[in-house]
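Survey of secondary and tertiary structure
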Amino acid sequence: MIKKFIRRILGTKQKTGDHTQPVTLTAQEHRIDPKLVSANAIRVTSTLQEAGFKAFLVGGAVRDLLLGVKPKDFDIATNATPEQVKKLFRRAFIIGKRFQIVHVMFGQDLLEVTTFRGSSSDGAPKDEHGRVLRDNTFGEQHEDALRRDFTINAMYYDPATQTVLDYHGGIADIRTRTLRIIGVPEARYREDPVRLLRVVRFAAKLNFAIAPDTSAPIAVMAPLINNVPTARVFDEMLKLLMSGHALACLQQLRKEGLHHGLLPLLDVVLEQPLGEKFVRLALASTDERVKQGKPVSPGFLFASLLWHQVLEKWNAYQAAGEYPIPALHLAADDVLNTQTDKLALQRKIASDMRDIWAMQPRFDRRVGKTPYKLLEHLRLRAGYDFLLLRCASGEIDSEIGEWWTAFIAADGPGREELLAKKPATANEAPAKKRPRRRSRARKPAAGAAGTSE
Ligand code: ATP
Ligand code: MG
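Before going into details, it helps to say that this report is about the structure given with it. (Residues numbered from 1 in each chain as written. Chains lettered and ligands numbered in written order. Predicted model: local features only at pLDDT ≥ 70, side-chain atom pairs only at ≥ 80, totals over all residues. Heavy atoms only, no water.)

Not every positive phi belongs to a glycine, and Arg 31 is a case in point at roughly 60 degrees. Secondary-structure assignment places Arg 31 in the loop between helix H2 (27-30) and helix H3 (39-50). The phi dihedral of Asn 207 falls on the positive side, at around 60 degrees, and the residue is not glycine. (Helix = DSSP H or I, 4+ residues; strand = E, 2+ residues; numbered from the N terminus.)

Attention shifts here to the pattern of salt bridges. Scanning all chains against the criterion turns up 18 salt bridges. The salt bridge partner of Arg 131 is Asp 127, with a shortest N-O separation of 3.4 Å. The closest approach of N and O atoms between Glu 395 and Arg 390, which form a salt bridge, is 2.8 Å. A residue is classified by how much of its surface remains accessible, and Glu 395, at 25% relative accessible area, is partly exposed. Relative accessible area serves as the criterion here: at 7%, Arg 390 is assigned to the buried category. The structure contains a network of salt bridges with shared partners spanning Asp 149, Arg 198, Arg 201 and Glu 236. (Salt bridge = Lys/Arg side-chain N within 4 Å of Asp/Glu carboxyl O. Buried < 20%, exposed > 50% of the residue type's maximum accessible area, 1.4 Å probe, protein only.)

Around ligand 1 sit 17 residues in total, of which Lys 72, Asp 192, Arg 195, Arg 201 and Lys 239 are the nearest. Between ligand 1 and the protein, one listed contact pairs an oxygen atom with a side-chain N or O atom of Arg 63 at 3.0 Å. In the environment of ligand 1, a nitrogen atom lies 3.2 Å from a nitrogen or oxygen atom belonging to the backbone of Asp 149. Surface burial for ligand 1 is 85%, taken as the share of its 590 Å² of free accessible area covered by protein chains. Counting only elements with at least two residues in the shell around ligand 1, the list comes to helix H4 (60-66), helix H9 (194-206) and helix H12 (230-241). The element best represented in the shell around ligand 1 is H9, accounting for five residues. Here the shell around ligand 1 gathers at least three residues from each of two domains, domain 1 (1-176) and domain 2 (187-271). (Near = heavy atom within 4 Å. Polar contact = N/O pair within 3.5 Å; in protein donor to acceptor, adjacent residues only side chain to side chain. Areas by Shrake-Rupley, 256 points an atom, 1.4 Å probe, with all protein chains shown as cover. Domains from an automatic or database assignment.)

With 95 residues, the main nonpolar core has Leu 48, Leu 241 and Trp 357 as its most contacted residues. Take this core: its biggest share by element is 11 residues, from helix H16 (residues 298-319). Sequence-distant contacts of Leu 48, defined by excluding residues within four places in its chain, comprise Phe 53, Ala 55, Ile 76, Thr 78, Ala 80, Val 85, Leu 88, Phe 89 and Val 113. Among the nonpolar cores identified, the runner-up in size contains 14 residues, and Leu 374, Ile 396, Ile 400 and Phe 407 belong to it. (Core = buried A, V, L, I, M, F, W, Y, C linked by side-chain atoms within 4.5 Å. Contact = heavy atoms within 4.5 Å.)

So this is what it looks like as structure tokens:
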């Protein structure tokens, strides 16, 4: 029956290259469970439809519904202009420069409404490598479909009639679990090199095979990512790392030759034998949290990814005669400066990372009032989880993690007892000899220490 169904779909106009007419699938054919569609998404499509406009769920939500997965968010496509959309909802905001979209809010729930985009980017302003800079033309639904990235991301679902419109053979690709870019792959990557990263993310997240012609140009075209504004690369990287399949995504990036020399962060992460175990554990635990629906902090994630780079520099500064704490701040400065330039790390994320790193030597001091002070630290949980990762990766003795686990859980007398019987280990804050100072290293260290302690 499925074969017959696929044949029916493949036997349509789409095979002949006409993508202006969609294949329409009924509820019986696509078998989407309407209960998986959020009430707010239906509120938006029905409000638009009652006002006389076309409105559909689109993109990742339709793909996930077809796969029987509850979508994490719902995007809506319409023929209403952003101004027309805005007028229909009490809390709606027009945002975006490259392409205007409307954010419609119901309480905490945010839905993105986009107007069908025009078909051709030929006339749009481009950079010298062919990357489209701005493109705000509106168009027909079939033109909108052509502008989307992958066949499985270019389907439309109308919750009112429960029909799916498929312009590019997306249903067939869903059934055969294939990721296929729409149009001529080289041209589509050139227009927007971020699609190179998106291929990897979707292939890993959905466990789909990449169609040969979609995959072939990736390694050759990879350097084009360098021309994309860092903030966009960062957004896409964050989506990749928080997809619940971060580990699989990074492995796939490596396989596609996308990590090398392109994204400084990934070079560091993937080519560092010492840190690899730590990074693997960090990503595995992040993936697990995402799957359990728990929040993931980007600061924690990036602090983990870059920790071994910090460690290396921390050791180097100490070997050069710096005190341990200022040396750690110098190392953090170095790493953050490089990554902020290249990856546009947001200020809040960078400051979370610094907090987590700066807390680490404080876990060594298990005497007097110091551990009690650390218990009051706002970011204790993150710092402690980070400490456990360091233990699990073999970087430090697991005894220290166990001690802190017990100390956090204990009551007053229990804590006193732990402090009294604490064993002296190699991890204990050693009484450092006064090291030789190097004036060049010392100067920024004072500033760095002052910013976060
Ligand atoms: P996820 O479930 O991970 O959010 P998604 O498919 O919804 O996946 P988004 O980044 O939210 O991904 O994008 C929404 C839709 O917008 C996509 O499904 C695709 O149709 C379109 N889209 C997004 N980015 C691009 C791009 N760079 N080029 C072409 N189409 C894009
Ligand atoms: Mg989405």
